[in-house]
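Structural overview for review
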Amino acid sequence: MNLITFCDNESLLSKKDKKILKDKNNFFVGDWCTQHNNMFFFKNRKKVLNLFKWGKTNERKNSHKYVIKIYEEILKNISTSLNKFHNKNYDQKYWEVLVMRWLYNYLHRTYACWVVAKKILKKHKVKSVLSLNVDDEVFIPNNTVHGRLIVDDENNYWSSWAFTEIFKFIGNTKIRYLKTQKKLNFKDLRIKSNIHSRYVDIRVSSLKDKIFLYRFNLPLNLKLKLMLKNLQLYFKGPFKNIPENNEQKRKEFYFYKKTNDEFLNFANYFVKKNLPKIFLENYENLEKTYNKLKWPKNPEYILTSHAHIIDDVFKIYVAKKKIKGSKFLISQHGCGGHYEQHLYYDKKICDRYLVWGKGAKKDKKTFPLFATNYQSLKQKKFQFNKRKKILLVLYDFSRHINYPPNGFITTLQKIEIHTKLILSLIEKLNKDLRNIITAKNLIISKYKLTQNTILHKYPDIKFLKTNKSVYQVRENYNLQIDFYLSTSFFESMYYNQPIILIYDDRLLYGAYKSFNKYLKLLKKNNICFYNSSDASKFINKNYNNLEEWWFSKNVQNARKLFCQNFCYDSENPIRDFERSLNI
C-alpha cells in the first residue's frame, strides 16, 4: 500500500502525477483528502482509509487530558526558549497569554495526525508515502490567526506536510516527493490573517482606569452606561497591523530534552517549524507596538470576549498588565460555554470566565453573568402569520483533520450526519410546509457540501444571501429549525421565538453532563428532538398552532429555566456586571 497525504483534486500536480492517484494500491490517509462538493458524488470513498468511529466519552476525554499534559511540557520549553532568545526573564504565565491559542491548536491538530499515522502503520503494510515537494518555510505563520488559517485551510497542505514529517520522524517508511508545477504560497491566507489579526487603535480618556473593555460583546447602550459610570470616553481609531520582520532567526532558538514519549519528542521537534513569527522574529515589533498604545495604563480589570483568540497586540497588553496586578476576564462569546472542552485553555490564562447563565460547568473561575451579546436588545412578541415561512439554519463545516480517531468522527462524517438530518426532515414534512422552507447557511467551508447536496435533491429551496445574523432576520419566519447546537439556537430561545432543535450528540463531540438534563427537558416539551422523523411529525401536526404550543405554560417554563441557565436576561445588567468584578 502507498499512502496519499494530499487532496484528490490537487492543482499543483502535473497531469502525469495526477494519474498516480488512480492506482489501485494508493490510498488516501483520510476523508479530508477528498474534495467533492456533493454527498451524492463521492467518487473516491473506496480509496479512503477509515480509522474513525464514534466511541465512548472516556476515549475522547483521555485524548484531551493527554494533549493537556503535552501542552504543559511544551509550554515550559517555549517559555524558557523565548526568554533566552529575547534576553527576557518573564514567567511562564506571561508567555502563556501570548502563545496559548496557537499552541493548543497546534498540538491538537498535530496529535490527530500522529494517532492516524500510528494506527495506519499498525493496521497496514505501508510501502511508501506520497507527498508534495513543498518548502517548509511556507508553513511558518506570521501571527496567531495566520497559524490557524494555515492549519484550517481546506486544501489540507498543512496536514499533508505534517503527515510527511511524522512518517519521516518515525522512520522505516519511504517518502516519495512529487514535484509541484508552481510554488505553494499562502498569499490569500496572509491577506485574510492581516484583516482578522488587526488591533484597534483606541484612545481612552479616563479619570479612573478601573475597567478596560476591548472587543467585549455588549450592546452599545450598556457599554455607554458603563463608560459614563467609570468616567471613561473611548475614541476608536483605525485598525492597524504590526510591522513585519522577515529575517529568519529560528534555527537555534528552541531547546528541549528528549523523553520516552515519542509524540512529545515529535511535537517538540515540530514546534520551531510552526511557531508564529510574532513570538520570535517579529516579537521586537510587537513590544514597540505595545509601547505606543494609548490604552489604559493601570486598569484594575481588562475584559474581552474574543480578542485573546485573534489579537496579538491585545495579548501582550494583557500579559504586561497582569504582571502589574490587573485582573483579566474573558466572556463567553457564543454557545460554547456548556460543552467546549477547549475552554480549559481560556480559563488557564484568565482570572475569571464569565458565562451566560448558571448552568455552565462550575469551577473556581467560572462566574454566571448574562447573555452579553443580546442583553437589553428586544424583539417583537411572536405572532403566527400565514405569509411567514420556515427557516432552516444549517452549517457547512470546513473539512480538515480535527481530532484523533480515539472515539471521534471526522469532519466529513460530521457533515454527512448533519446533512442527512436536514434531508430527512425536508423529505418527511408535508408538501405545503416543504414549499415554504427558506434556509440560512452559516458557511464555514468553501465547498458548501451541505448546501449543494440539499439543492441537488430540492432545487427549489431558497437560500438567504445576507450577512445578517439569524436573530436579525428571525422575525420574518414563523418557525426556526436548527440541526446543530449553535449560537442561533440560544438567540431564538433568548428572544422567545418558536424554535426546534434536532440534536445529534456526535456533532458536538459530547456535551457536559450538566447540560444533558436540560436537553431532556427541551425534548419533553418538543423543543428538542433526537431524530428528524419525530420532529417532522410534530411540525406537520402543530405548525398552524405554533402559538398555542410555544406559549403553553409547560413550554414557557422550560424555556425560562433553560434561559436562566444558558442565556440569562438580567433585570439589572449594570449591577450584575459590577458583581462579576469582585474577584
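**Focus on the side chain of D504**
With respect to the element layout, D504 can be found in the loop between strand 16 (499-502) and helix 18 (513-524). Take D504: its relative accessible area is 14%, and that puts it in the buried class. At 2.8 Å, the side chain of D504 and the side chain of R506 are in polar contact. Among residues more than four places away in sequence, those in contact with D504 are I417 and L421.

**As for the pairing of strand 10 (residues 352-355)**
Successive residues of a regular strand alternate their side chains across the two faces of the sheet. Here strand 10 shows two buried faces, one formed by R352 and L354 and the other by Y353 and V355. As paired strands, strand 9 (residues 327-331) and strand 10 are joined by 3 bridges and run parallel to one another. From the neighbouring strand, I330 faces strand 10, where its bridge partner is Y353. For strand 10 and strand 11 (residues 366-368), the ladder comprises 3 bridges, and the chain directions are parallel. Bridged to V355 within strand 11 is P368.

**Considering the sheet that holds strand 10**
Ordered by their spatial adjacency, 5 strands build an open sheet running 6-8-9-10-11, and the pairing between neighbours is parallel. Because the sheet does not close on itself, it has two edges, and the strands there are strand 6 (211-213) and strand 11. When the angles between neighbouring strand axes are averaged without regard to direction, this sheet yields 25°. Direction of pairing for strand 6 relative to strand 8 (residues 301-304): parallel, over a ladder of 3 bridges. In the sheet register, L213 faces strand 8, and the bridge partner there is L303. Of the strands in this sheet, strand 6, strand 8, strand 9, strand 10 and strand 11 touch helix 22 (residues 573-580), which is tilted by about 155° from strand 10.

**Re the nonpolar core**
Core analysis: the largest hydrophobic core is formed by 108 residues, its most contacted members being I74, L98, F139 and W295. No other element matches the 19 residues that helix 3 (residues 92-123) contributes to this core. Those residues in contact with F139 that sit more than four places away from it in its chain are V134, I150, Y157, W158, W161, L184, F186 and K273. The next biggest cluster of nonpolar side chains, apart from the first, holds 69 residues, and it includes W356, L392, L394 and I539.

**Quick look at the pattern of salt bridges**
For the structure shown, the criterion picks out 20 salt bridges. One salt bridge in this structure joins R101 and D346, with 2.9 Å as the shortest N-O distance. Within this pair, whereas R101 is found in helix 3, its partner D346 is found in helix 12 (residues 343-349), the two being separated by 245 residues in sequence. Classification of R101 as buried rests on a relative accessible area of 15%. Between K347 and D363 there is a salt bridge, and its shortest N-O distance comes to 2.8 Å. Taken together, the positions of K347 in helix 12 and D363 in the loop between strand 10 and strand 11 put the pair 16 residues apart, joining distant regions of the chain. A relative accessible area of 15% places K347 in the buried class. Look at D363 and you get partly exposed, because its relative accessible area is 35%. One connected set of salt bridges, linked through shared partners, spans E72, E96 and K348.

**Let's talk about the layout of surface pockets**
Taken as a whole, the second largest pocket encloses approximately 420 Å³ of empty space. Lining the second largest pocket are 21 residues, with K440, N441, L442, I443 and T466 positioned closest to its centre. Where the lining of the second largest pocket is concerned, the elements lending two or more residues are strand 13 (437-443), helix 15 (449-457) and helix 17 (487-494). With 4 residues, strand 13 is the largest single contributor of residues to the lining of the second largest pocket.

**Observations concerning the packing of helix 7 (residues 220-229) against helix 22**
It is the contact of helix 7 with helix 22, at a shortest axis distance of 11 Å, that shows an interaxial angle of 60°. The orientation of helix 7 with respect to helix 22, classified from their angle, is oblique. Regarding helix 7 and helix 22, the two cross each other, and that crossing is right-handed. Here helix 7 contributes L222, K225, L226 and K229 to the contact with helix 22, which in turn contributes P573, I574, F577 and E578. Looking at the contact of helix 7 with helix 22 residue by residue, the class counts come to 5 nonpolar, no polar and 3 charged.

Criteria and thresholds
Residues numbered from 1 in each chain as written. Predicted model: local features only at pLDDT ≥ 70, side-chain atom pairs only at ≥ 80, totals over all residues. Heavy atoms only, no water. Helix = DSSP H or I, 4+ residues; strand = E, 2+ residues; numbered from the N terminus. Buried < 20%, exposed > 50% of the residue type's maximum accessible area, 1.4 Å probe, protein only. Polar contact = N/O pair within 3.5 Å; in protein donor to acceptor, adjacent residues only side chain to side chain. Contact = heavy atoms within 4.5 Å. Pairing = 2+ DSSP bridges. Axes fitted to C-alpha atoms, helices over the stretch in contact; angles between N-to-C directions. Core = buried A, V, L, I, M, F, W, Y, C linked by side-chain atoms within 4.5 Å. Salt bridge = Lys/Arg side-chain N within 4 Å of Asp/Glu carboxyl O. 1 Å grid on protein atoms, 1.4 Å probe; cavity = no way out; pocket = protein on both sides within 12 Å on 5 of 7 lines; lining within 4 Å. Points joined across faces, edges and corners; volume = space filled by probe spheres on them. Parallel < 35°, antiparallel > 145°, perpendicular 65-115°, else oblique. Left-handed = near helix turned anticlockwise from the far one by under 90°. Nonpolar A, V, L, I, M, F, W, Y, C, P; charged D, E, K, R; others polar.

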